[in-house]
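# Remarks on the overall topology
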Amino acid sequence: MRPMPADSWLPELLTADVLYTGIGGGYAPGGVVVSGGVVAATGDLATLRASFPHARERRAGAVIAPPPVNAHTHLDMSAYDFQALPYFRWLPEVVIAQQRRRGVAGALAGAAELARLGTGAVGDIVWAGDVMDALLPREDLTGVLYFEVLGTFPERADAIFAGVRERIERWRRLERPGGLRVGLSPHTPFTVSHRLMRRVTEYAAGEGLPLQIHVAEHPAEAELFRTGGGPLWEHRPAALYPATFAEVIGRGPEPDLTPVRYLDELGVLRARPALVHMVNVTPEDIARVAAAGCAVVSCPRSNAHLECGAFPWAAFAAAGVEVALGTDSVASGGSLDVRGEVAFARALYPALDPRLLVRAAVKGGHRVTGTRPQVLRRGDPWDERFVW
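Here's what I pulled together on the structure shown here. Source: prediction; values computed, not measured.

Let's shift gears to the packing of helix α15 (residues 338–348) against helix α16 (residues 354–369). In the contact formed by α15 and α16, the axes pass within 10 Å of each other and the chain directions differ by 160 degrees. Taken together, the axes of α15 and α16 lie roughly antiparallel to each other. The hand of the α15/α16 crossing is right-handed. Residues Val338, Val342, Ala345 and Arg346 of α15 lie in contact with α16, whose contacting residues are Pro354, Leu357, Val358 and Ala361. Residues of the contact of α15 with α16, tallied by class, amount to 7 nonpolar, no polar and 1 charged.

Written out as structure tokens, the structure reads:
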């Protein structure tokens, strides 16, 4: 038997630009000492070097952290081709043009990709019942499947809600401990009538169902609430909307009305939904979100690709709002790997502490999905998947 090299039993100090253990604020730079396949210590490099002077040092990668969470995606669009286009070109040229690719096959392929990536949890928007039926039994993912609700005519709200409730109650009986849970997603403040929005969010709050709502993604949404018109109204499918936007929201547009203020005054924020995108917001909007205790989910690559603007991360962080990360659809984000969102965000926000970005991808995502994060602790087995 050949003797082992003299240094093979020495502990190894793995270093990274950012270390986030799942607890606290993280280290930049940081490292993990591994001995015999077990985590011996974590922390800042100076302390680890002093405490383990004989450890062999090796740069592991840019980030060492538990698996990230994809807190917002559309798995049923995973068979779409990615295209970066302005928002009002992307809708017809990608979403509508590739509509036949949307459905169960894409959702299953996307779910398999998330499992392959070792994703910590997922927050998926489910557009159709057969997709929910296909995804809910999966044992290789945890997180939330948010069933999407649309309907702009207030007079149809009760009938739509009754149908949604019946389906949700059937699906909830299929949930398993530690598995995927069922949630709700009233699509946007302008594609769901005020009556339906209130019914859905009050029901979710009463039943303890997680919620996600797309809010303030494109600048045209803010214009719609201010004026009752603009590009969003002009591009709407006329047959799916009442005559005026005021009928949708149950009040007239106002110069200072924003989508966030509308949801707050409607009572929706009391249900503490996760608000997705939140790019085109005001300081008052951020204060309302913080006061309500809502989390937000940013999708940096999608927002850039569709020319929607940049999420004001520093302002939300200063207000104490919990931030998570999502990829949105493959068609707009490019992939389902949240590590790509972190890398993109590091370039997009060079002045932002990178520990905030990594924490958002891990702990922020778990808080949105209501799942438990994995933690890097002394005595735990080391896994190379902790290296991003």
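Two measures define how a pair of helices packs: the angle their axes make with one another and the distance between the axes. Running from N to C, helix α5 (residues 157–172) and helix α6 (residues 194–207) cross one another at 25 degrees; their axes reach a closest spacing of 9 Å. By the angle between their axes, α5 is roughly parallel relative to α6. The crossing of α5 and α6 is right-handed. Contacts between α5 and α6 pair Ala157, Asp158, Ile160, Phe161, Arg165, Ile168, Glu169 and Arg172 from the former with Arg195, Leu196, Arg199, Val200, Tyr203 and Glu207 from the latter. Partitioned by chemical class, the residues of the contact of α5 with α6 number 7 nonpolar, no polar and 7 charged.

What follows covers helix α10 (residues 259–266). Across the 8 residues of α10, 6 count as buried, placing the element largely inside the fold. The set of residues buried in α10 consists of Pro259, Val260, Arg261, Tyr262, Leu263 and Leu266. Residues of α10 that are buried make contact with α6, β9 (212–215), α7 (219–227), α9 (245–249) and α11 (283–292). Once α10 ends, the next one or two residues include glycine 267, with phi positive near 95 degrees.

The next thing to look at is the nonpolar core. Ile168, Leu184, Leu275, Met278, Val296, Trp313 and Phe316 are the most contacted members of the largest nonpolar core, which totals 91 residues. The residues touching isoleucine 168, leaving out its near neighbours within four places in the chain, are Phe147, Val182, Gly183, Leu184, Tyr203 and Leu209. The next biggest cluster of nonpolar side chains, apart from the first, holds 13 residues, and it includes Val69, Ala295, Val297 and Ala324.

Geometrically, a pair of aromatic rings is defined through the distance of the ring centres and the angle of the planes. Under the criterion given, the structure shown has 11 aromatic pairs. Their ring planes at 90 degrees and their centres at 5.1 Å tell us that tyrosine 87 and phenylalanine 88 sit as a pair that is edge-to-face. Comparing tyrosine 87 with phenylalanine 88 shows no difference in burial state: the two are buried. For the ring pair phenylalanine 225 and tyrosine 262, a centre distance of 5.4 Å and an interplane angle of 45 degrees mean the geometry is tilted. Separated by 37 residues along the polypeptide, phenylalanine 225 in helix α7 and tyrosine 262 in helix α10 bring together distant segments of the chain. Phenylalanine 225 sits in the buried class, given a relative accessible area of 0%. The ring of tryptophan 127 carries arginine 102 above its face, with NZ or CZ at 4.3 Å from the centroid.

Turning next to the sheet that holds β9. Spatially, the 4 strands line up as an open sheet ordered β9-β10-β11-β12, and their pairing is parallel. Across the chains shown, the open sheet's two edge strands, defined by having one partner strand only, are β9 and β12 (323–325). Going from strand to strand, the sheet's axes swing by 30 degrees on average, the running direction of each strand aside. Here 3 bridges tie strand β11 (residues 296–298) to β12, and the two strands are oriented parallel to one another. Its bridge partner being in β12, valine 296 is matched across the sheet by valine 323. Sitting on the sheet, α16 is in contact with β9, β10 (274–277), β11 and β12, with an inclination near 95 degrees to β12.

Attention shifts here to empty space enclosed by the protein. Inspection of every chain in the model, using the stated rule, returns 1 cavity of 30 Å³ or more. In this structure, the largest cavity encloses a volume near 30 Å³. Taken together, Pro68, Asn70, Leu114, Leu117, Thr119, Leu336, Asp337, Val338 and Arg339 make up the lining of the largest cavity. Breaking the lining of the largest cavity down by element, the ones donating at least two residues are α3 (104–117) and α15. Each residue belonging to the lining of the largest cavity can be placed in one class, and the counts come to 5 nonpolar, 2 polar and 2 charged.

Right, let's get into unusual backbone geometry. Backbone torsion omega between alanine 28 and proline 29 reads -5 degrees, so that peptide bond is classified as cis. Tracing the chain through its elements places proline 29 in the loop between β1 (12–19) and β2 (30–35). Although it is not a glycine, glutamate 307 sits at a positive phi angle of roughly 60 degrees. Note on glutamate 307: relative accessible area 54%, which makes it exposed.

What counts, and at which threshold
- Residues numbered from 1 in each chain as written.
- Predicted model: local features only at pLDDT ≥ 70, side-chain atom pairs only at ≥ 80, totals over all residues.
- Heavy atoms only, no water.
- Axes fitted to C-alpha atoms, helices over the stretch in contact; angles between N-to-C directions.
- Helix = DSSP H or I, 4+ residues; strand = E, 2+ residues; numbered from the N terminus.
- Parallel < 35°, antiparallel > 145°, perpendicular 65-115°, else oblique.
- Left-handed = near helix turned anticlockwise from the far one by under 90°.
- Contact = heavy atoms within 4.5 Å.
- Nonpolar A, V, L, I, M, F, W, Y, C, P; charged D, E, K, R; others polar.
- Buried < 20%, exposed > 50% of the residue type's maximum accessible area, 1.4 Å probe, protein only.
- Core = buried A, V, L, I, M, F, W, Y, C linked by side-chain atoms within 4.5 Å.
- Phe/Tyr/Trp six-rings, centres within 6.5 Å; stacked < 30°, edge-to-face > 60°.
- Lys NZ or Arg CZ within 6 Å of the ring centre and 35° of its normal.
- Pairing = 2+ DSSP bridges.
- 1 Å grid on protein atoms, 1.4 Å probe; cavity = no way out; pocket = protein on both sides within 12 Å on 5 of 7 lines; lining within 4 Å.
- Points joined across faces, edges and corners; volume = space filled by probe spheres on them.

Note that every value here comes from positions in space, so none of it alone points to a role or purpose.
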